[in-house]
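# Observations on the three-dimensional arrangement
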Amino acid sequence: MASVTYDHVWKKFGDVIALNDLSIQVADKEFLVLVGPSGCGKTTALRCLAGLEEVTEGDVLIGDQVVNDVAPKDRDIAMVFQSYALYPHMSVFDNMAFGLKLRKVPKDEIKTKVEEAAKILGIEQLLDRKPRELSGGQRQRVAVGRAIVREPKVFLFDEPLSNLDAKLRVQTRAQISKLHKRLQTTFIYVTHDQTEAMTMATRIAVLNKGVLQQLDTPQQLYDLPANLFVAGFIGSPAMNFFDGKLVKEGDDMFVDLTSFKVRVPKERQDVYEYLAGQEVIFGIRPEDIHNPEFAPPSIIAESVECKVDVTELMGNEIFLYLMHGEHNFVARVDPRTRVTMGEDIKVVFNMANFHIFDPKANPDNPVAVR
């Protein structure tokens, strides 16, 4: 088992900067997920660790060893790709055993390791089949099994669930989480799906344009995003954002959103005192906008009148797409809510859980103020 370190790693493709001074320390046995939109550098970071890309500057370490100049086959890692990359003419057993055969591992040991890995993944009955006889989920488990038998120091997963349907993705991500717990090995997992990241990770590294935005536990990223990008990326539906201004009126402070105002709780006013009179971005998650009839009694409620644009019944909840003046926003409300499109309704914002971002601190990616 081993830790992994990215020490001020840069990766450039000509004039394009894929990784911009990336520094991450992954603890031994940790499950780290690299998440971000397409082109953010997450796969490049994984490939630099695997040795499939050379770093432009900085060091990549596995354990205490700098591996910049170590051949991929000597890094003691195993990688599971988005495409299953199985040999179509070989059986499942031979696909899983292929890497061990190349290393001249004794046949008895190969048989034992393949059968053990197949048992862990629940594919013992498939060992004699060819890949074409398997479902997508079964093929992905074979690809994972091929990595397991090598018993590497580090497992790398590059969007391994992208080719699976929604139900299989849920099942397979649960299997990968159980696999991590059972193997007690370092896992580094790349995905663009923040739901996968939130449900599987010990910690999440959020990347955008090659820059690390925030590295923290899933709950901390959700509760305390460092900036506007992280706040908008983590959570589904995404956080609502409103351009506004912090204003003082006597002893009270409000966020003036042009067409309506919401009062800042007294206990949080001191934090924002220095921003009074300035332009800010107000953020609130859909789950913190409630139908007053079913709102939890403990919330700090600020009423907002709005019009229903679209409703989406999800069974256990309803998404309301709402309009007020120039503002469009989403509420995630109790399924007992009965509203129709075009109806004027009142909702309440839970002002215990709002966010303020300061555009002056960074116009390109406003910083959260706490």
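Only a predicted model underlies this, so the values are computations on that prediction, with no experimental measurement involved.

The next point concerns the packing of aromatic side chains. Summed over the entire model, instances satisfying the criterion amount to 18 aromatic pairs. Judged by centre distance (5.7 Å) and plane angle (15°), the ring pair of F229 and F233 falls under stacked. Remark: F233 and F229 occur in helix α8 (residues 228-233); sequence separation between them is four residues, near one turn of the helix. Counting every residue linked through ring pairs, the aromatic cluster contains F242, F260, Y272, F282, F329, F349 and F354. In this arrangement the basic side chain of R268 is found over the ring face of F354, its NZ or CZ atom lying 3.9 Å from the centre. R285 extends its terminal NZ or CZ atom over the ring of Y222, reaching a point 4.2 Å from the ring centre.

So, on to the pattern of salt bridges. One pass over the structure, following the stated rule, counts 18 salt bridges. The partner of R263 in a salt bridge is E302, with the nearest N and O atoms 3.9 Å apart. Taken as a pair, R263 in strand β13 (residues 261-263) and E302 in strand β16 (residues 301-313) lie far apart in primary sequence, 39 residues in all. Assessed through its relative accessible area of 35%, R263 is described here as partly exposed. E302 sits in the buried class, given a relative accessible area of 17%.

Take N350: it is sitting in strand β19 (residues 344-350). Side-chain polar atoms of N350 contact the backbone nitrogen of I300, separated by 3.3 Å. If near-sequence neighbours (up to four positions away) are discounted, N350 is found in contact with I284, D288, H290, I299 and I300.

In this section: the environment of G342. Relative to the elements of secondary structure, G342 occurs in the loop between β18 (327-333) and β19. Sequence separation between G342 and M323 is 19 residues, and the spatial gap between their C-alpha atoms is 9.7 Å.

What follows is about the sheet that holds strand β15 (residues 289-290). With antiparallel pairing, five strands are arranged side by side in an open sheet as β15-β19-β16-β17-β18. In this open sheet, the two edge strands, each paired with only one partner strand, are β15 and β18. The pairing of strand β17 (residues 318-324) with β18 spans seven bridges and is antiparallel. For F319, the partnering residue across the bridge sits in β18 and is R332.

A few words on the nonpolar core. Among the nonpolar cores identified, the biggest contains 45 residues, and M96, F157, I176, Y189 and V206 are the most heavily contacted of them. The residues contacting M96, other than those within four sequence positions of it, are V114, A117, A118, I123, L127, V142, G145, R146 and V149. Counting residues in hydrophobic clusters, the runner-up holds 31 residues, among them F242, V264, I284 and M351.

On to the sheet that holds strand β14 (residues 279-284), then. Sheets are built from strands paired through backbone hydrogen bonds, the pairs being either parallel or antiparallel. With respect to topology, six strands assemble into an open sheet ordered β13-β12-β11-β14-β20-β21, the strand pairing being antiparallel. The sheet is open, and its two edges are formed by β13 and β21 (367-369), each paired on a single side. When strand polarity is set aside, the average angle formed by the axes of neighbouring strands in this sheet is 40°. Relative to β13, strand β12 (residues 252-256) runs antiparallel, the two being bridged by three bridges. Its bridge partner being in β13, V255 is matched across the sheet by V262.

Calculation notes
- Residues numbered from 1 in each chain as written.
- Predicted model: local features only at pLDDT ≥ 70, side-chain atom pairs only at ≥ 80, totals over all residues.
- Heavy atoms only, no water.
- Phe/Tyr/Trp six-rings, centres within 6.5 Å; stacked < 30°, edge-to-face > 60°.
- Helix = DSSP H or I, 4+ residues; strand = E, 2+ residues; numbered from the N terminus.
- Lys NZ or Arg CZ within 6 Å of the ring centre and 35° of its normal.
- Salt bridge = Lys/Arg side-chain N within 4 Å of Asp/Glu carboxyl O.
- Buried < 20%, exposed > 50% of the residue type's maximum accessible area, 1.4 Å probe, protein only.
- Polar contact = N/O pair within 3.5 Å; in protein donor to acceptor, adjacent residues only side chain to side chain.
- Contact = heavy atoms within 4.5 Å.
- Pairing = 2+ DSSP bridges.
- Core = buried A, V, L, I, M, F, W, Y, C linked by side-chain atoms within 4.5 Å.
- Axes fitted to C-alpha atoms, helices over the stretch in contact; angles between N-to-C directions.

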